[in-house]
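Read off the chains here:
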Amino acid sequence: MPRSTGVSRRLSQFESTQIVDVVAQNAGQRRASLCDPFVEQLPITGASISVFDTQGRQSTICTSDPTAARLDELQFELGEGPQWEAFQRATPVLHPDVRGATPIGSMLFGQAMLTLPVGALFAFPMLVGAAAVGVVGLYRSTAGALDPEALQLAARLTKRATIPAVSDAMRTAQTDGDSVSSTAPTVWREVHQATGILLVQLGLTAAESFAQLRAYAFAAQRPIREVARDVVERRLDFRDLPD
């Protein structure tokens, strides 16, 4: 007996949703797996992988744990840190003791670091030819350098992850409905959208608008993505803030 049109339509929608859910789940697992080899094969605690486009916009491909996610987010918010140094210099940046005598970055970054269970930071640029296209960020919960063998392995793992990470970022940028895990904020769409809104509202340049967004998030001690979401969803209007 043929199914009614309404039932058929609902079943079709359900089947389509199931397919989308499976695809999204596989995409999330694929991203997470890119970070796994670093944590499994190196004497580190956690890892993150981020890719940058030609305009400097960041896509976080994976983070291994909440601390790695916060480290990645913190460096994005402040616009400084080992990951930015590695990306800009296209060379590894190694900080075996983040609480030692030599400060890392500005006072703001140093103070923020003290709130996290991190003893050492390492960043390896992802290169395509001579150009940096992303960064692998690694951390240890205790201080300690990576020995030469570990450094070589980290470089090999970074090279192996580069093309899959860039390909994943390109796919995600073209797909609005791609879901991600709570520890992998894959594309900072809301941050870019909020920056555009501030550009129009405040009559600023894109760089100035992003700086305003970042400064507010830091002053309010909130993740920049939460502030951006409030701007995009019209719960926060920077024109209403006191000068």
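Look a little higher up for the structure.
Counting restarts for each chain: residues are numbered from 1 in the order of the written sequence. Thresholds applied to this predicted model are a pLDDT of at least 70 for local features of residues and 80 or more for the giving and counting of side-chain atom pairs; totals over whole chains, interfaces and linings are not thresholded and use all residues. Only hydrogens and water are set aside; all other atoms, that is, all heavy atoms of the structure, feed into the side-chain values.

**Student:** Lay out the environment of D97 with the relevant residues and their values.
**Tutor:** By the secondary structure assignment, D97 is in the loop between β3 (93-95) and α4 (107-113). Relative accessibility under 20% of the residue-type maximum defines a buried residue, over 50% an exposed one, and the middle range a partly exposed one, all with a 1.4 Å probe and only protein chains included. Given a relative accessible area of 40%, D97 falls into the partly exposed group. Through-space distance from the C-alpha of D97 to that of L121 is 7.6 Å; in sequence the pair is 24 residues apart. Residues count as neighbours in contact if any of their non-hydrogen atoms are within 4.5 Å of one another. Contact partners of D97, with chain neighbours within four places excluded, come to G119 and A143. Put simply, DSSP marks the helices as runs of H or I at least four residues long and the strands as runs of E at least two long, and each gets a number from the N terminus on.

**Student:** Residues and numbers for helix α6 (residues 189-202), please.
**Tutor:** If you check α6, its first and last C-alpha atoms are 20 Å apart, about what 14 residues at 1.5 Å a residue would give, namely 20 Å. V191, A194, T195, I197, L198 and Q201 are the residues of α6 that are buried. Buried residues of α6, seen end-on, are gathered within an arc of 165 degrees and therefore sit on one face of the element. The positive-phi residue at the C-terminal boundary of α6 is G203, with phi of around 65 degrees. One less than the residue count of a helix, multiplied by 1.5 Å, gives the span that helix is expected to have. Of all possible arcs, the one meant is that of the directions from the helix axis to the C-beta atoms.

**Student:** Tell me what's going on with the sheet that holds strand β4 (residues 120-128), and back it up with residues and numbers.
**Tutor:** Strand pairing requires that DSSP identify at least two bridges connecting the strands. Pairing within the open sheet is antiparallel, and its five strands lie in the order β2-β1-β5-β4-β3. Each of the sheet's edge strands pairs with one partner strand only, and the pair in question is β2 (58-63) and β3. Across the sheet, the mean angle from the axis of one strand to that of its neighbour is 20 degrees, orientation sign disregarded. As paired elements, β4 and strand β5 (residues 131-140) share nine bridges and run antiparallel to each other. Looking at β5, one finds that A123 is bridged to G137. Every axis in this analysis is a line fitted to C-alpha atoms, fitted for helices over the stretch in contact. Angles between the N-to-C directions lie between 0 and 180 degrees.

**Student:** Quick rundown of the pattern of salt bridges? Include the residues and the values.
**Tutor:** By convention in these notes, a salt bridge is any Lys or Arg side-chain nitrogen within 4 Å of a carboxyl oxygen on Asp or Glu. Scanning the model with the defined rule gives nine salt bridges in all. In this structure, R225 and E73 form a salt bridge, with 3.0 Å as the shortest nitrogen-oxygen distance. Within this pair, whereas R225 is found in helix α8 (residues 224-232), its partner E73 is found in helix α2 (residues 66-78), the two being separated by 152 residues in sequence. Salt-bridge contacts for R235 lead to D230; the nearest nitrogen and oxygen are separated by 2.7 Å. On the basis of relative accessible area, R235 is assigned to the exposed category, the value being 54%. Judged by its relative accessible area of 13%, D230 is buried.

**Student:** Summarise the pairing of strand β1 (residues 46-52); cite the residues concerned and give the values.
**Tutor:** The buried fraction of β1 is high, at seven of seven residues. Across the two faces of β1 the burial is the same, with G46, S48, S50 and F52 and A47, I49 and V51 all buried. Two elements, β1 and β5, share six bridges in a ladder whose sense is antiparallel. Among the inter-strand pairings, S50 is bridged to a residue of β5, identified as V135.

**Student:** Run through the packing of aromatic side chains, naming residues and quoting values.
**Tutor:** In this scheme Phe, Tyr and Trp rings, the latter by its six-membered ring, pair at centre separations within 6.5 Å, and the angle between planes marks the pair as stacked below 30 degrees, edge-to-face above 60, and tilted otherwise. With the rule as written, the count across this model stands at three aromatic pairs. Plain terms: the ring middles of Y216 and F238 are 5.3 Å apart, the flat faces sit at 55 degrees to each other, and that makes the pair tilted. Taken together, the positions of Y216 in helix α7 (residues 206-219) and F238 in the segment after α8 put the pair 22 residues apart, joining distant regions of the chain. For Y216, a relative accessible area of 26% translates into the label partly exposed. Judged by its relative accessible area of 7%, F238 falls in the buried class. Among the aromatic residues, those joined into a cluster by ring pairs are F52, W84 and F87.

**Student:** Tell me about helix α3 (residues 82-89), and please be specific about residues and values.
**Tutor:** Taken across its eight residues, α3 has six buried, putting it largely inside the fold. When we look at burial in α3, the residues that qualify are P82, Q83, W84, E85, A86 and F87. Elements that come into contact with the buried residues of α3 comprise β1, α2, β3, α4, β4 and β5.

**Student:** Residue-level account of the nonpolar core, with values.
**Tutor:** F38, L42, I49 and L138 are the most contacted members of the largest nonpolar core, which totals 25 residues. Of all elements in the fold, only α1 (5-41), β1, β2, β4, β5 and α5 (148-173) reach the threshold of two or more residues within this core. For this core, the element with the most residues is α5, which contributes seven residues. If we ignore the near neighbours within four places in the chain, the residues touching F38 are I44, A47, I49, V136, L138, A154, L157, T158 and A161. Definition of nonpolar core: a set of buried residues of the types Ala, Val, Leu, Ile, Met, Phe, Trp, Tyr and Cys, connected through side-chain atoms within 4.5 Å. Of all hydrophobic cores here, the second largest spans 14 residues; its members include L213, A217, A228 and L236.

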